Amino acid sequence: MTQGYRDHAAEIRDDFTRDQHWEKLTQEEHAIWRFLFERQARILRDRAVPAFIDGLSGLGIAADGVPEFERLSDVLEKTTGWRIVCVPGLVPDDVFFRHLSERRFPSTSFIRTREQLDYLQEPDVFHDIYGHVPLLMNPVFADYMQAYGQAGLRADARHCLHNLARLYWYTVEFGLIATDDGLRIYGSGIASSKGESIYALEDRRPNRLGFDLRRVMRTRYRIDDFQETYFVIRSFEELFEETAQDFQPIYDEMASAGDYGPGDVLPEDRLYQPNPPGAEAA
Ligand code: HBI
Ligand code: FE
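In this text, all values refer to a predicted model and were calculated from it rather than measured experimentally. (Residues numbered from 1 in each chain as written. Chains lettered and ligands numbered in written order. Predicted model: local features only at pLDDT ≥ 70, side-chain atom pairs only at ≥ 80, totals over all residues. Heavy atoms only, no water.)

Quick word on the coordination of the iron ion (ligand 2)
Condition: Donor atoms: N, O and S within 2.8 Å of the metal, or within 3.2 Å for Na, K and Ca. Because water is excluded, sites can look incomplete. The buried label goes to any residue with under 20% of its type's maximum accessible area, the exposed label to any with over 50%, and the partly exposed label to all in between, with areas taken from a 1.4 Å probe on protein chains only.
Within the protein, His127 (NE2), His132 (NE2) and Glu173 (OE) serve as the donor atoms for the iron ion (ligand 2), at 2.0 to 2.1 Å. Relative accessible area serves as the criterion here: at 9%, Glu173 is assigned to the buried category.

Structural notes on the pairing of strand β2 (residues 104-107)
Within a regular beta strand, the side chains point alternately toward one face of the sheet and then the other, so they alternate between its two faces. How we decide: Being paired, for any two strands, means DSSP has found at least two bridges between them. We count a stretch as a helix when DSSP gives it H or I for four or more residues in a row; a strand needs E for two or more, and each element gets its number in order from the N terminus.
Of the pairings in the sheet, the one linking strand β1 (residues 83-86) to β2 comprises 4 bridges and is parallel in character. Opposite Val85, over in β2, you have Pro106 as the bridge partner.

With respect to the sheet that holds strand β6 (residues 229-233)
The following threshold applies: With axes taken as lines fitted to C-alpha atoms, and helix axes fitted only over the stretch in contact, angles between N-to-C directions fall between 0 and 180 degrees.
Pairing within the open sheet is mixed, and its 4 strands lie in the order β4-β3-β6-β5. Strands with a single pairing partner mark the edges of an open sheet, and in this sheet they are β4 (182-185) and β5 (207-210). Going across the sheet, the axis of each strand differs from the next one's by a mean of 40°, ignoring polarity.

Observations regarding the UniProt feature "binding site: Fe cation" (unreviewed entry) in the chain
Where we set the bar: UniProt positions are given in the numbering used here, feature names are shortened, and annotations may be inferred rather than shown by experiment. A cavity, in this analysis, means grid points on a 1 Å lattice covering only the protein atoms where a 1.4 Å probe fits yet has no way out; a pocket is instead an open set bounded by protein on both sides within 12 Å along at least five of seven lines, and a residue lines either one if it has an atom within 4 Å of a point. Here, two residues are considered to be in contact whenever any of their heavy atoms come within 4.5 Å of each other.
The positions that UniProt labels "binding site: Fe cation" (unreviewed entry) are, in the present scheme, His127, His132 and Glu173. Considering the C-alpha atoms alone, the annotated residues occupy 47 residues of sequence yet fold into one spot, their largest mutual distance being 9.9 Å. Set against the largest pocket, the annotated residues named above that line it are His127, His132 and Glu173. Following the sequence through the fold, His132 ends up in helix α6 (residues 125-132). Once residues lying within four places of it in the same chain are set aside, the contact partners of His132 are Phe105, His127, Tyr168, Val172, Glu173 and Ser188. Position of Glu173 relative to the elements: it lies in helix α8 (residues 161-173). If we ignore the near neighbours within four places in the chain, the residues touching Glu173 are His127, His132, Tyr168, Gly187, Ser188, Gly189 and Ile190.

Regarding the site of ligand 1
Going by this rule: Throughout, the term near means that a residue has one or more heavy atoms lying within 4 Å of the molecule or strand in question. Whenever two N or O atoms come within 3.5 Å, that pair is a polar contact, provided that in protein one can donate a hydrogen and the other can accept it, and provided that, for residues adjacent in sequence, both atoms are side-chain atoms. Using the Shrake-Rupley algorithm and a 1.4 Å probe, accessible areas are obtained, with residue cover drawn only from the displayed protein chains. Pocket occupancy is defined atom-wise: a molecule lies in a cavity or pocket when more than half of its atoms are within 2 Å of its grid points. Residues are sorted three ways: Asp, Glu, Lys and Arg are charged, Ala, Val, Leu, Ile, Met, Phe, Trp, Tyr, Cys and Pro are nonpolar, and all the rest, Gly among them, are polar.
Taken together, the neighbourhood of ligand 1 is formed by Val87, Gly89, Leu90, Val91, Asp93, Phe96, Phe97, Tyr148, Ala165 and Tyr168. Here a nitrogen atom of ligand 1 sits 2.8 Å away from a polar atom, N or O, in the main chain of Val91. Take Asp93: an N or O atom from its side chain is 2.9 Å from an oxygen atom of ligand 1. Relative to its free-state accessible area of 390 Å², ligand 1 is covered by the protein chains to the extent of 84%. The cavity that encloses ligand 1 is the largest pocket. Among the elements of the structure, α5 (93-101) and α8 are those that each provide at least two residues to the shell around ligand 1. Broken down by class, the residue content of the shell around ligand 1 amounts to 8 nonpolar, 1 polar and 1 charged.

Thoughts on the pairing of β6
Across the 5 residues of β6, 5 count as buried, placing the element largely inside the fold. Neither face of β6 is left uncovered, since the one carrying Thr229, Phe231 and Ile233 and the one carrying Tyr230 and Val232 both have all their residues buried. One ladder, built from 2 bridges, connects strand β3 (residues 176-179) with β6; its direction is parallel. Looking at β6, one finds that Ile177 is bridged to Ile233. Note that β5 and β6 share 4 bridges and pair parallel. Bridged to Asn207 within β6 is Thr229.

Quick look at α5
Listed as buried for α5 are Val95, Phe96, Phe97, His99, Leu100 and Ser101. Buried-residue contacts for α5 involve β1, β2, α7 (139-158) and α8. Looking at the residues trailing α5, positive phi occurs at Arg103, about 60°.

What follows is the structure, encoded as structure tokens:
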């Protein structure tokens, strides 16, 4: 049981949501948010896709402290129809997909400790709100996230989740996008991580491959270290169009096709070069 489940076990509703209890956050928790926000603001200045920066400012997500979910939801709902619901931690897949399919983003409310500033396994409120929510202000990405939820419900019913989970991992969590100014970050797992924000764009070690739906769905990933491969889209429209289809024929194809390792490179892969080193940010 992670901390989020322990704190308020009594008040978790059937859909795993509960109240945020924003007023119960301590000054130390707001101070950890401030530290993480200010550090990423410096690092992401020329590394995040502009839509991410626009989403942050459109929502008024700032350094002052952990945001109040209801206030963010009121702005978000007017823009793309999404709201944020508070959950105690990772929730069962079908619960997660149900929320996404109805334009509700499940966010944790606990924040990491000072000992976890550079890495934590489970999503905390900084990963969920700072990493995921800004792009929900972008209409095309907001549609993609709802479509992912709908696809998740279908895949869950057909026990084909592992292919779809890779799509989420290599786009929503660790996706890169090519822009006229070079590669930019849109994946939340990168955007909320100090080290990976620089590594994903500028380090020579990882592969950066042009997005291809089948290629992504066949590629295993790692959950305990920086990624060995990042997939690059050319626009959110491309991502939405590539995935606005019934995946069942692809799942059937996948069932007999083998998987690729996280670091594999194939002859047909479209390779992208890393960005030149950006402003080193402490
Ligand atoms: N629950 N709260 C939360 N956040 C997630 O990102 C999440 C989840 N449950 C399941 C899940 N992600 C993944 O297994 C699916 O995307 C496949
Ligand atoms: Fe996440």
